[in-house]
Every structure is written in C-alpha cells, then in structure tokens.
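Summary of the model geometry
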Amino acid sequence: MSGAERVERVVLAVDLGTGGPKVGFVSLDGTVLWSDLISVSTEYGPNGTAIQDAGLWWEIVREATRRGLTESGVRGEQVAGVSITGQWASTVPVDADGHPVGPCVMWMDTRGAPYSRKAFGGWLAGYRPRALASWLRRNGGVPSPSGDDPVGHMLYLQHGDPQVFAATRWLLEPVDYLSMRFTGRAAASRASMMGTWLTNNRNLDVLDYDDVLVRLTGLDPAKLPPLVPIGSIIGPVAPAVAAELGISPAAQVVTGIPDLHSAAVGSGAVRHGELHITISTTSWISCPMAFKKTDALHQLATVAGLDPTSYLLVNNQDTAGRALQWLRDTVFDDLDYDTLTAVAAGAPAGSNGVIFTPWLKGEHSPVDDRRARGGFHNLSLATTRADLVRAVLEGVAYNSRWLLDCVNRFTPNAGPIRIVGGGARSDLWCQIMADVTGRTCERVADPLNAQLRGAALFAGIGMGELDRDALRDLIPLDGVFEPVAANQAVYDRLFAEFPRLYKSQKGMFGRLNR
C-alpha cells in the first residue's frame with residue numbers, strides 16, 4: 001500500500017483504560033487524526049469490590065464516534081477497520097446478545113480470593129504444588145490466589161453472585177466485550193485471554209483452552225468465549241451498528257488486544273528482544289520473544305504475542321503514573337502535571353537523599369505482594385516540596401530498574417528502550433528513567449497516544465494492509481535520552497537501598513494490611 005493510500009484509510013480505535021475509553025480515528029500511516037478521552041469512575045466497595053459500568057463504556061464509544069466524525073472531517077466510508085485495546089484481566093458478564101448482565105469486575109477486584117485459594121491455594125508460594133506445576137508446565141503462568149484476575153472474578157460470580165452468573169452467557173474481557181458490541185459475535189484470542197492463564201500455550205498450533213487447567217479452577221467452560229487467532233478478523237461491523245455510528249458497514253473488526261500488545265506495536269519495538277517501557281497508570285517492561293518462559297519468583301512470563309507464532313513478555317508494576325496523581329490529589333491539588341514536574345526539576349538528582357517507594361496499591365512485579373505499601377524515606381526538616389515530587393518520579397524509576405534487572409536475567413538485552421505512555425511526555429521523567437536504568441531511552445512521538453496508534457496499526461496488519469516489519473519506520477521519535485554519568489553515580493547509591501526497604505518492611509506490611 002502506498003503512503004497516500006495509508007493516509008486515506010482510517011481505523012476507528014478504542015483504548016479502554018481504567019480511567020475510561022479513549023476513542024480515536026487513526027490513519028494507516030499511524031497519524032492520530034482525532035481522539036478524545038472520556039472519564040469513567042470505578043466504584044469501590046467492601047471486601048475488595050471494584051466495578052465499572054460496561055454499558056456506559058459502549059454509550060461513550062457510540063457518542064464519541066459520531067462526534068469524532070463531525071469534528072475530524074473523517075468520512076464514514078474511510079473507516080476500513082475497528083480495533084479495541086486497553087485494560088485486561090477484568091471480566092464483563094454478558095448475555096447471548098453481548099449486553100452486560102452485571103457490572104464489569106475490574107482487574108483490582110479481590111472478592112474472588114477465597115474461591116481462588118480454595119481451588120488451587122496452598123503452602124508453596126501460595127499454591128498447591130501440583131496445581132502450580134500444572135500451570136507452569138502447560139501454560140507458563142498461573143492465576144493469583146489473591147483473586148484479582150479473571151479466574152478469581154469468574155469464581156466470585158459463580159459462587160458469590162449466582163443470580164448474575166445464571167444470566168451470563170459469556171464471560172468476556174473488556175476488549176472482547178466491545179468487539180462483540182460492534183460485531184454481535186463473541187470471540188476472544190490467546191492475547192485477550194492471557195490474564196486467565198487457561199489457554200494451551202505449550203503448542204501455539206493448538207488454539208484451545210487447556211481442559212486440565214479449566215478443571216483445576218472448577219469454572220464452567222461453556223461460559224468461556226470461543227478462541228480465534230490473534231490478529232484475525234472477527235467480522236464486519238454489524239449493519240445496524242454501522243448505520244447508527246455513521247461508519248462503513250464494510251469496516252472489519254480485528255481481535256481485541258491488551259494494552260501490553262498495543263504499546264509494543266505503538267512503540268515500534270516489534271522484533272524479538274526489542275524492549276519498550278510504559279509509564280502509564282501502571283508500568284511494565286516488555287519485548288517480543290520466540291519462546292515460552294516463566295520466572296514465577298518475579299512474576300515474569302511470556303504470553304501469546306503479536307501473531308499466532310510468537311510470545312510477548314508480561315509483567316506489571318501496579319503504581320506508576322498513579323503515584324504522581326496521588327501526590328497531586330492529596331498534597332498539590334492546586335498544580336497541574338506540567339507544573340508539578342517543573343517543581344520536581346528544582347531538586348537535584350537523588351532528591352537530596354529522599355527515597356519514595358511507589359507500592360501504594362501493593363505490587364505484582366518484581367515482587368508479588370498485594371500488602372506492600374508506599375512511603376517517603378529519609379525525610380528531614382530540610383526536605384522541600386521539590387524533593388518530594390522528584391522522589392516520586394525517581395521511585396517509579398527505581399522500581400523499573402529493579403524490574404529491568406530481572407528482565408535482563410530473563411532475556412538479556414543491552415539495546416535502547418522505547419518509552420511510551422502519558423508519563424513519557426515529561427522530559428524530566430524520561431531523563432530520570434535513562435539515568436536510573438543506565439540505558440538509552442527513545443521516546444516515541446505523541447507517547448500518550450502510542451496505544452491508540454498501536455491498535456490501529458495492529459488492525460492494518462490484520463487486514464493485510466500493513467507489514468509488521470515496516471512498523472519501526474512508521475513510528476517517529478521526538479526525543480532520545482542518554483544516561484548522564486554523574487546522575488548515574490547518585491542513583492546507583494540510592495537504588496542499592498531500594499530493594500532493602502522492601503525486605504526490611506515486608507513483615508510490617510503483612511502485619512498491618514491483613
């Protein structure tokens with residue numbers, strides 16, 4: 001396809017984050033023509049409840065699509081594809097028509113913990129040894145006994161909310177739910193269902209759930225959505241939906257993908273071993289890989305990748321940009337993010353010895369401890385506002401370095417790291433990442449929209465209109481951050497204390513946060 005043809009062909013992309021859907025029109029050359037983010041709140045309740053209204057997501061997508069056509073000048077007949085990305089490891093119970101029969105059980109909801117522990121919990125790192133061995137051997141990852149994943153959610157609905165469960169035809173990931181609203185067809189892929197750890201990942205030629213693992217959970221397999229190949233076409237937009245939205249009924253809907261996958265595509269780091277790091281609400285470090293591998297101790301594993309023949313490294317730091325948001329909302333509520341990071345620039349590298357640990361909601365990687373909590377350390381009467389803000393940016397970077405050390409043992413790599421996400425808009429934060437990790441960081445242009453762009457380009461590949469090998473050249477950079485030697489020396493000294501802070505406080509976390 002020529003460059004002119006790529007500009008003319010447009011994908012309707014949806015990035016469904018925890019904070020709400022971002023809806024956009026993206027041309028097949030990767031240009032974001034229009035986008036808007038509409039906030040949705042999470043409702044928290046007793047016993048670990050965390051839910052959102054999935055019906056509201058669809059109402060927002062419909063309204064934003066119609067408005068976007070008007071405001072962007074994109075013609076409905078230009079829309080050749082639809083692609084959904086976003087949050088994963090949440091669960092939407094729907095009826096046979098794809099309409100929600102209950103709220104979405106969000107990825108941080110822990111009400112399923114008692115049922116998960118009963119199904120496979122035990123003394124070995126929280127698991128029964130045989131169950132743990134079966135999962136690692138057959139899939140490469142394992143559901144959490146903490147209940148904050150799709151298996152925990154499904155078990156909670158099955159045993160804790162039987163009325164909703166009885167009305168449920170399909171238990172869908174959010175991206176698969178929105179794809180079904182567009183097409184009317186229930187379909188999932190290994191990628192979208194990676195958070196269940198129930199697919200057969202031993203042999204990628206076999207597209208199915210693993211019967212042994214499903215039996216270990218005690219789940220009803222009839223409610224799991226049918227699997228289709230990653231990157232395949234689910235079908236065209238349903239005629240009634242196309243007419244309502246004003247887009248072409250010939251637009252093809254590609255399989256939904258987690259934000260992990262769209263970030264990889266949107267960063268251009270799509271060849272084996274090419275790293276990208278995301279600074280968003282959460283954070284992760286990932287790269288495509290050719291084989292299945294697991295580091296259960298540090299919560300690293302490979303999951304179904306960008307095509308049916310490869311894998312992608314998965315891990316997650318629970319609090320990254322969310323830590324800066326917390327600081328702003330609780331301490332500096334009169335400042336916007338640009339002003340806040342400008343304040344941070346007033347402190348020297350190392351924040352005059354102040355260390356922030358960002359475990360405000362526990363942690364997944366490189367330690368799996370939901371009871372861990374954050375804090376400022378080594379404060380004094382001389383500590384300034386600038387020290388506190390910079391320490392938060394540095395604390396997220398320290399956690400990333402801790403994770404990167406584990407990633408390097410998992411898959412050694414010395415190349416540059418592509419950096420995306422809302423936090424990457426800050427030059428200071430990108431430079432801190434480079435200095436703390438000692439690695440060159442290449443910032444993708446418009447990093448906030450990297451996942452929206454990635455979803456669109458992924459659709460272009462699925463529709464046969466783009467070549468994945470050409471993606472790196474389609475993704476422009478707008479900054480390269482080299483480590484500064486003097487700053488590295490400061491950060492090396494402070495980082496040495498960072499894992500020790502967790503180890504010294506682990507017992508306290510367990511005692512205070514039962």
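Just so it is clear, the model here is predicted, and its values are computed rather than measured. (Residues numbered from 1 in each chain as written. Predicted model: local features only at pLDDT ≥ 70, side-chain atom pairs only at ≥ 80, totals over all residues. Heavy atoms only, no water.)

A closer look at the sheet that holds strand β23 (residues 441-444)
On the basis of which strands lie adjacent, the open sheet formed by five strands has the order β15-β14-β22-β23-β24 and mixed pairing. Whereas interior strands pair on both sides, the edge strands pair on one side only; in this sheet they are β15 (283-286) and β24 (477-481). Each neighbouring strand pair of the sheet contributes to a mean axis angle of 20°, computed without reference to strand direction. The strands touched by helix α10 (residues 259-267) are β14 (275-279), β15, β22 (417-420) and β23; relative to β14, the strand with the most contacts, the crossing angle is about 115°. Its contacts with the sheet put helix α13 (residues 385-410) on β14, β15 and β22, and the angle it makes with β15 is roughly 25°. (Pairing = 2+ DSSP bridges. Helix = DSSP H or I, 4+ residues; strand = E, 2+ residues; numbered from the N terminus. Axes fitted to C-alpha atoms, helices over the stretch in contact; angles between N-to-C directions. Contact = heavy atoms within 4.5 Å.)

As for the UniProt feature "domain: Carbohydrate kinase FGGY N-terminal" (unreviewed entry) in the protein
Those residues carrying the UniProt feature "domain: Carbohydrate kinase FGGY N-terminal" (unreviewed entry) are residues 11-266 in this numbering. Regarding residues 11-266, the helix share stands at 34% and the strand share at 21%, and the terminal C-alpha atoms are separated by 14 Å. (UniProt positions renumbered as here; feature names shortened; annotations may be inferred.)

Some points on helix α7 (residues 174-183)
In terms of burial, α7 is largely enclosed, as 10 of its 10 residues are buried. Listed in full, the buried residues belonging to α7 are Pro174, Val175, Asp176, Tyr177, Leu178, Ser179, Met180, Arg181, Phe182 and Thr183. Positive backbone phi, approximately 80°, marks Gly184, located one or two places after α7. (Buried < 20%, exposed > 50% of the residue type's maximum accessible area, 1.4 Å probe, protein only.)

Brief notes about the environment of Ala89
Note that Ala89 resides in the loop between β6 (79-86) and β7 (92-94). What makes Ala89 buried here is its relative accessible area of 9%. C-alpha separation for the pair Ala89 and Ala191, spaced 102 residues apart in sequence, amounts to 11 Å. Ignoring sequence-local partners within four residues, the contact set of Ala89 consists of Met106, Trp107, Asp149, Pro150, His153 and Glu173.

Topic: the sheet that holds strand β18 (residues 300-304)
Taking strand neighbours across the sheet as the criterion, the four strands line up as β16-β19-β18-β17 in an open arrangement whose pairing is antiparallel. In the strand order of this sheet, the two ends are held by β16 (288-289) and β17 (294-295), each with one partner. Relative to β18, β17 is paired through two bridges, and the arrangement is antiparallel. Its bridge partner lying in β18, Thr294 is registered against Ala301. In this fold α13 packs onto β16, β17, β18 and β19 (311-314), with an angle of close to 65° to the strand it touches most, β18.

What to know about the UniProt feature "domain: Carbohydrate kinase FGGY C-terminal" (unreviewed entry) in the protein
The sites that UniProt annotates as "domain: Carbohydrate kinase FGGY C-terminal" (unreviewed entry) are residues 301-462. Counted over residues 301-462, helix gives 42% and strand 14%. Its end C-alpha atoms are 25 Å apart.

Focus on the side chain of Thr411
Within the secondary structure, Thr411 sits in the loop between α13 and β22. We classify Thr411 as buried; its relative accessible area is 12%. Residue contacts for Thr411: discarding those within four places in its chain leaves Cys287 and Met289.

Notes on the nonpolar core
Within the largest apolar cluster, 62 residues are counted, with the highest numbers of intra-cluster contacts made by Trp135 and Leu198. It is helix α15 (residues 450-462) that provides the largest number of residues to this core, a total of seven residues. (Core = buried A, V, L, I, M, F, W, Y, C linked by side-chain atoms within 4.5 Å.)

Notes on empty space enclosed by the protein
Within this structure, the stated rule accounts for one cavity of 30 Å³ or more. A volume near 30 Å³ is recorded for the largest cavity. Taken together, Asn139, Arg190, Met194, Trp197, Thr199, Asn201, Val303 and Ala304 form the lining of the largest cavity. Split into classes, the residues belonging to the lining of the largest cavity amount to four nonpolar, three polar and one charged. (1 Å grid on protein atoms, 1.4 Å probe; cavity = no way out; pocket = protein on both sides within 12 Å on 5 of 7 lines; lining within 4 Å. Points joined across faces, edges and corners; volume = space filled by probe spheres on them. Nonpolar A, V, L, I, M, F, W, Y, C, P; charged D, E, K, R; others polar.)

Focus: a positive patch on the surface
On the surface, a cluster of positive charge is made up of Arg117, Arg371, Arg511 and Arg514. Relative to the elements of secondary structure, Arg514 occurs in the segment after α18 (498-512). Arg514 sits in the exposed class, given a relative accessible area of 76%. (Patch = residues over 30% accessible without salt bridge, like charges linked within 9 Å, V, L, I, M, F, W, Y side chains within 5 Å. Areas by Shrake-Rupley, 256 points an atom, 1.4 Å probe, with all protein chains shown as cover. Salt bridge = Lys/Arg side-chain N within 4 Å of Asp/Glu carboxyl O. Lys, Arg positive; Asp, Glu negative; His and termini not counted. Charge placed at Lys NZ, Arg CZ, Asp CG, Glu CD.)

Regarding the pattern of salt bridges
In total, this model carries 23 salt bridges according to the counting rule given. A salt bridge links Glu244 to Arg62, with the shortest nitrogen-to-oxygen separation between them at 2.6 Å. Highlighted residues: Glu244 in helix α9 (residues 239-245) and Arg62 in helix α2 (residues 54-72), separated in sequence by 182 residues. Exposure remark for Glu244: the relative accessible area of 33% places this residue in the partly exposed category. Accessibility expressed as a relative area gives 23% for Arg62, which makes it partly exposed. Of the charged contacts, one joins Glu394 and Arg390 as a salt bridge, the two residues approaching to 2.9 Å between their closest N and O atoms. Pair noted here: Glu394 and Arg390 are both in helix α13, with a separation of four residues, about one helical turn. By relative accessible area, Glu394 is classed as buried at 0%. Through salt bridges that share partners, Arg271, Glu274, Arg418, Glu442 and Arg472 make up one connected network.

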